[in-house]
Amino acid sequence: LATVPTIKKLRAYAERIRAAELEKCLSKMGDDIPKKTRRAVDDLSRGIVNKLLHGPLQHLRCDGSDSRTLNDTLENMHALNRMFNLEA
Amino acid sequence: LATVPTIKKLRAYAERIRAAELEKCLSKMGDDIPKKTRRAVDDLSRGIVNKLLHGPLQHLRCDGSDSRTLNDTLENMHALNRMFNLEA
Amino acid sequence: SKKHELISHLKTGKNFLRNQEPEKAFLEFKTALELAKNLKDPIEEKKAARGLGASLQRQGKYREAIKYHSMVLDISEREKEDSGNTEAFGAIADCYAEIGDLERAAKFYDTYIARLDED
Amino acid sequence: SKKHELISHLKTGKNFLRNQEPEKAFLEFKTALELAKNLKDPIEEKKAARGLGASLQRQGKYREAIKYHSMVLDISEREKEDSGNTEAFGAIADCYAEIGDLERAAKFYDTYIARLDED
C-alpha cells in the first residue's frame, strides 16, 4: 500500500510525456490523418510507455505474490522516486 | 565507470521495445506510408523512449557534476538492474 | 450522419480536456455516449465513457469518475473485446488513490501492472 | 532517379539489419553513402553512416563502427543541423563499452544523457 502514491505519480509522469510527444507527432503529420494511422500512432505511444513501465511497476506491486520482501519493494520505490523526481 | 554496463543494457532494452512497437505500428498503417508520417512516427517513438530514460540515466551519470555521492549512484544502478532485469 | 456527429463530439470533448475545460468536455462526451449507444458502436461507446471518467477526474469528482471508467470494463465484458481495459484499470486505481482508498487502489494497480506487458 | 535509388538502398539495408544479415546490410549502406554524397543530401548521408555503424556493430567490429557513427557527428557539424546526434553519441558509447574503454564510454554516455531531454 505504501507504494500506491509512487505508482500513481510514475503513471502521471509517463502520461505527460506520452501526450506531449503524441501531440507533436500529430501536428507534424498535418490534417486529415487517416483513422487507421491515428489509431496505430496512439497504440504505438501506449505500447512503448506500457512496456517500459512494466518492469519498474512490477517491482512495486503490493500483492505479495512472490518472495520479495516488503523491504526490497520499499527500496525500489525510493529509487524510483529519486530517479523520476516524483517527490517534488 | 561502474555504471557503464547498466547504461548500455538499459539502452538496449528500451531499443528492443521501441523497435518492436514501431514495427507493429508500421504494419498496421499498411503500405505507402507517406515519408512525413514515417518520420513523425519514428520521432515519436524515440521521443518517448528518450524522455522516459532521461531521469533514470541522469542518476547513473559518472561525471561527478553534482553533489551526489558514488554510493547513491551505485544504489540507483542496482535498483535499475533489478527493476529492468538487466543482469540476466 | 449520426456516426459523424458522434466522432465530432468525441473530438470536441478531447479538445476541451486538453484546454483544461473539463465541465464542457463532460457535456460533449455525454452526448457522444448516447449517440454511441444508439448506434450500437461499442468502441466509440468506450471512448465516450473514458472521456467522461477523465472529465470527472479533472474536476476532482473521483467517485463518479470510477463509475464511468468501470463502464469501459463492462462494455468490454459485454462485447468480449478488451481494448481500453488496461487504461481503465489504471484510471480506476488513480481515483481510489485520490480518495484515500489505498486497498482498492493497490488491487486495481496490480491488475493494471499485470496487463502492461500485453498488447 | 538517383534519389530513388538511394532511398531503396537504405531500405534494403535496414531490412538486412532486421533479418540479422549485417554483412549484406553493410554493402547496401555503403552504396547509399556514396549516392548521398554525390547528391549532396546530408540527411540521407547521416542515415547511411548510421546504418554502416550499426552493421559493423552487429559484426562485432566496434572500432570501425565508431568511425561511421562519428561521421554522423561530423556531418551535423558541417551542416549545422544536429538530427541523429543523440543516437550517435549513444552508439559510440556502446561501442567503447564493448571494447572495454569505459572511460571513453562514460564520456559519450554523459553527452548522450544530457541530450535525452531535448527534441
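See the structure shown above.
Residues numbered from 1 in each chain as written. Chains lettered and ligands numbered in written order. Predicted model: local features only at pLDDT ≥ 70, side-chain atom pairs only at ≥ 80, totals over all residues. Heavy atoms only, no water.

Student: Is there a simple way to think about the packing of helix H3 (residues 70-83) of chain A against helix H3 (residues 70-83) of chain B in this case?
Tutor: The relative placement of two packed helices comes down to the angle between their axes together with the axis-to-axis distance. The interhelical angle for the contact between H3 of chain A and H3 of chain B, taken along N-to-C directions, is 110°, at an axis separation of 10 Å. When the axes of H3 of chain A and H3 of chain B are compared, the pair comes out roughly perpendicular. In this structure, the crossing between H3 of chain A and H3 of chain B has a hand that is left-handed. Together, Glu-75, Asn-76, Ala-79, Leu-80, Arg-82 and Met-83 of chain A of H3 of chain A and Glu-75, Asn-76, Ala-79, Leu-80, Arg-82 and Met-83 of chain B of H3 of chain B make up the contact between the two elements. Of the residues that constitute the contact of H3 of chain A with H3 of chain B, the class distribution is six nonpolar, two polar and four charged. (Axes fitted to C-alpha atoms, helices over the stretch in contact; angles between N-to-C directions. Helix = DSSP H or I, 4+ residues; strand = E, 2+ residues; numbered from the N terminus. Parallel < 35°, antiparallel > 145°, perpendicular 65-115°, else oblique. Left-handed = near helix turned anticlockwise from the far one by under 90°. Contact = heavy atoms within 4.5 Å. Nonpolar A, V, L, I, M, F, W, Y, C, P; charged D, E, K, R; others polar.)

Student: Looking at this structure, how should I read the interface of chain A and chain C?
Tutor: Frequently, the measure chosen for interface size is the accessible area removed from exposure when the parts meet. The interface is formed by 19 residues belonging to chain A together with 28 residues belonging to chain C. Where chain A abuts chain C, roughly 2,000 Å² becomes buried across the two surfaces, and 54% of that area is made up of carbon and sulfur atoms. One can count six salt bridges joining chain A with chain C. In this structure, the salt-bridge partner of Asp-94 of chain C is Arg-11 of chain A, at a minimum N-O distance of 2.8 Å. On the surface where chain A and chain C come into contact, there are seven residue pairs in polar contact (both at pLDDT 80 or more). Residue assignment for the side of chain A that touches chain C shows that the elements contributing at least two residues are helix H1 (4-29) and helix H2 (35-58) of chain A. The greatest single-element share of the side of chain A that touches chain C, amounting to 10 residues, is contributed by H2 of chain A. Grouping the amino acids of the side of chain A that touches chain C by side-chain chemistry returns six nonpolar, three polar and 10 charged. (Buried area = accessible area lost by both parts, 1.4 Å probe. Salt bridge = Lys/Arg side-chain N within 4 Å of Asp/Glu carboxyl O. Polar contact = N/O pair within 3.5 Å; in protein donor to acceptor, adjacent residues only side chain to side chain.)

Student: Would you mind showing me how to read the environment of Gln-58 of chain A here?
Tutor: Following the sequence through the fold, Gln-58 of chain A ends up in helix H2. Note: C-alpha distance between Gln-58 of chain A and Thr-73 of chain A (15 residues apart in sequence) is 9.6 Å.

Student: I would appreciate a short explanation of the relation of the copies chain B and chain A in the present structure.
Tutor: Applying a rotation about an axis and a shift along it to one chain copy brings it onto the other copy. Between chain B and chain A, which share one sequence, the superposing operator has a rotation angle of 180° and an axial displacement of 0.0 Å; the RMSD is 0.0 Å. The two molecules are tied by a two-fold rotation axis, judged by turn and shift. Interface residue correspondence from chain B to chain A reaches 97%, placing this contact among same-surface, isologous pairings. (Least-squares fit on C-alpha atoms with pLDDT ≥ 70 in both.)

Student: Help me understand helix H1 (residues 4-28) of chain B, please; the structure alone is not making it clear to me.
Tutor: An α-helical turn contains 3.6 residues, so any two residues separated by three or four positions project in the same direction. When the terminal C-alpha atoms of H1 of chain B are compared, their 36 Å separation across 25 residues agrees well with the 36 Å that a helix rising 1.5 Å per residue should span. Just past H1 of chain B, the residue Gly-30 of chain B takes up positive phi, approximately 80°. (Expected span 1.5 Å × (residues − 1).)

Student: What is the right way to read the packing of aromatic side chains from this model?
Tutor: Under the definition given, this model contains 10 aromatic pairs over all chains. Ring geometry for Tyr-96 of chain C versus Phe-108 of chain C: centroids 5.7 Å apart, planes at 25°, classification stacked. Residue Tyr-96 of chain C is located in helix H5 (residues 85-98), and its partner Phe-108 of chain C is located in helix H6 (residues 102-115); the two are separated by 12 residues in the primary sequence. For the residue pair Tyr-96 of chain C and Phe-108 of chain C, the accessibility class agrees, reading buried in each case. One aromatic cluster in this structure is built from Phe-89, Tyr-96 and Phe-108 of chain C. Positioned over the ring face of Tyr-112 of chain C is Arg-11 of chain A, at 4.7 Å from the centre of the ring. (Phe/Tyr/Trp six-rings, centres within 6.5 Å; stacked < 30°, edge-to-face > 60°. Buried < 20%, exposed > 50% of the residue type's maximum accessible area, 1.4 Å probe, protein only. Lys NZ or Arg CZ within 6 Å of the ring centre and 35° of its normal.)

Student: Explain the environment of Leu-74 of chain A here, please?
Tutor: Tracing the sequence through the fold places Leu-74 of chain A in helix H3. As a C-alpha pair, Leu-74 of chain A and Thr-3 of chain A span 71 residues in sequence and 7.3 Å in three-dimensional space.

Student: Could you clarify how one ought to interpret the interface of chain B and chain A in this entry?
Tutor: Listed as interface residues are 33 residues of chain B and, on the opposing side, 32 residues of chain A. For the pair chain B and chain A, the two sides together bury roughly 3,100 Å², of which 71% comes from carbon and sulfur. Linking chain B to chain A there are six salt bridges. Across the pair Lys-28 of chain B and Asp-43 of chain A runs a salt bridge whose closest N-O atoms are separated by 3.1 Å.

Student: Is there a simple way to explain unusual backbone geometry in this structure?
Tutor: Glycine aside, a negative phi is what most residues show, and trans is what most peptide bonds show. In this structure, Asn-85 of chain B is a non-glycine residue whose phi angle is positive, near 50°. Structurally, the position occupied by Asn-85 of chain B is in the segment after H3. One non-glycine residue, Gln-20 of chain D, lies in positive phi territory at about 60°.

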